[in-house]
Amino acid sequence: MFMEQLRLGPGANFAYVFGAAEGGEGFVVDPGAEPDRLLACVKAHRLDLTRIILTHHHFDHVAAAASVKARTGAKILAHPASRPGLQGEVTLDGTLADGEGFAFGDQEVRVIHTPGHTPGGICLLVAQRWLVTGDTLFIGNCGRTDLPGGDARALYDSLQRLKRLPDALLVLPGHDYGEVPSRSLGEEKARNPTLRAASFEEFQAIP
Ligand SMILES: [Fe+2]
């Protein structure tokens, strides 16, 4: 199993391509821009793309989803609470609620509902190895809560859930906002102020 991190578009977005094996099944997370580059990656690995997973409904994470779907036949999936916010030609073919998942190769992908940045935000636990965090958790920071549907208390609670996951997971964020593109969850627990906060009050006081 392998993963490719692609930095796309003007907003330093990260999309991810996962493959069960070269020439095997694949899925993409957050196709926010540059569908040609995403599809070139899919083609280079000869993947049969079956799923397009959206960590949340924001435009910069979904804008290339319809194009990737039209050119691969992959199904667009997100948390049901992301459906109302989707705009344009992006519509869901199915939903992924908390605790749901699917078998992928000889591994598993599991959904963790992490509202706060948006009501339908999810993280993906992939193969007990990677944690795709969307705009819930960045390297060194967390997502903003001042956009429509944002909720600081919900985001704090979501981050507490992520803190209980194994340190060895590699955090794969939705934007390249940190000093490195990815880092272990253990390092984030030690260094990221939004995870280090010992209470909601402390979390809220972070500038
Ligand atoms: Fe976002």
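Because the structure is predicted, anything quoted here is derived from the model rather than measured. The residue numbering used here restarts from 1 in each chain and proceeds along that chain's sequence as written. The predicted nature of this model means local features are confined to residues of pLDDT at least 70 and side-chain atom pairs, given and counted, to a pLDDT of 80 or more, with totals for whole chains, interfaces and linings taken over all residues. Hydrogens and water are ignored here; the side-chain numbers use all heavy atoms of the structure.

K.L.:
I would appreciate a short explanation of the sheet that holds strand β10 (residues 130–134) in the present structure.
P.N.:
Note: strands within a sheet are paired through backbone hydrogen bonds, in either parallel or antiparallel orientation. A pair of strands is treated as paired once DSSP finds two or more bridges between them. Numbering of helices and strands runs from the N terminus; a helix is a DSSP stretch of H or I covering at least four residues, while a strand is a stretch of E covering at least two. With mixed pairing, the six strands of this open sheet are ordered in space as β7-β8-β9-β10-β13-β14. Each end of this open sheet is capped by a strand with a single partner; those strands are β7 (101–104) and β14 (183–184). For β10 and strand β13 (residues 170–173), the ladder comprises four bridges, and the chain directions are parallel. Considered in β13, the bridge of Trp130 is made with Leu170.

K.L.:
It is not clear to me how the packing of helix α1 (residues 35–44) against helix α3 (residues 65–72) should be interpreted in this structure. Could you clarify?
P.N.:
Helix-helix packing is characterised by the crossing angle of the two axes and by the distance between the axes. To obtain an axis, a line is fitted to C-alpha atoms, over the contacting stretch when the element is a helix, and the angle between two such axes runs from 0 to 180 degrees between their N-to-C directions. Interhelical geometry of α1 versus α3 gives an angle of 40° and a closest axis separation of 9 Å. Taken together, the axis directions place α1 and α3 in an arrangement best described as oblique. For α1 against α3, the interelement crossing comes out right-handed. Contacts between α1 and α3 involve Pro35, Asp36, Leu38 and Leu39 from the first element and Ser67, Val68, Arg71 and Thr72 from the second. As a working rule, the residues Ala, Val, Leu, Ile, Met, Phe, Trp, Tyr, Cys and Pro are called nonpolar, Asp, Glu, Lys and Arg charged, and the rest polar, with Gly in that last group. Looking at the contact of α1 with α3 residue by residue, the classes come out as four nonpolar, two polar and two charged. These descriptions rest on fixed angle ranges, namely under 35 degrees for roughly parallel, over 145 for roughly antiparallel, 65 to 115 for roughly perpendicular, and the rest for oblique. A clockwise turn of the near helix away from the far one marks a right-handed crossing, whereas an anticlockwise turn of less than a right angle marks a left-handed crossing. Whether two residues touch is decided by their heavy atoms; if any such pair falls within 4.5 Å, the residues are in contact.

K.L.:
Just checking my understanding: could you explain the sheet that holds strand β2 (residues 13–19) for this structure?
P.N.:
Read from one edge of the open sheet, six strands run β1-β2-β3-β4-β5-β6, paired in mixed fashion. Because the sheet does not close on itself, it has two edges, and the strands there are β1 (2–8) and β6 (94–95). Of the strand pairs in this sheet, β1 and β2 are connected by seven bridges, and their pairing is antiparallel. Counted as the bridge partner of Gln5 is Tyr16 from β2. Along the sheet, α1 makes contact with β1, β2, β3 (25–29) and β4 (48–53), crossing β1 at roughly 160°.

K.L.:
Just to check I follow, could you spell out the coordination of the iron ion for this structure?
P.N.:
Reference geometry at the metal: tetrahedral coordination by four donors gives ideal angles of 109.5 degrees; octahedral coordination by six donors gives 90 or 180 degrees. Looking at the metal site, the iron ion is ligated by His56 (NE2), His58 (ND1), His117 (NE2) and Asp135 (OD), spaced 2.2 to 2.3 Å from it. For the iron ion, the single-chain donor residues occur in sequence as H-x1-H-x58-H-x17-D. As far as burial versus exposure is concerned, His56 and His58 are alike and both buried. Counted as coordinating are nitrogen, oxygen and sulfur atoms within 2.8 Å of the metal, or 3.2 Å for Na, K and Ca, while water is not included, which may make sites look incomplete. In this scheme, a residue with accessible area under 20% of its type's maximum is buried, one over 50% is exposed, and one in between is partly exposed, where area comes from a 1.4 Å probe on protein chains only.

K.L.:
What's the story with the environment of Val180 in this structure? I'm lost.
P.N.:
Inspection of the secondary structure puts Val180 in the loop between β13 and β14. Exposure remark for Val180: the relative accessible area of 29% places this residue in the partly exposed category. Separated by 103 residues in sequence, Val180 and Leu77 have C-alpha atoms that sit 28 Å apart.

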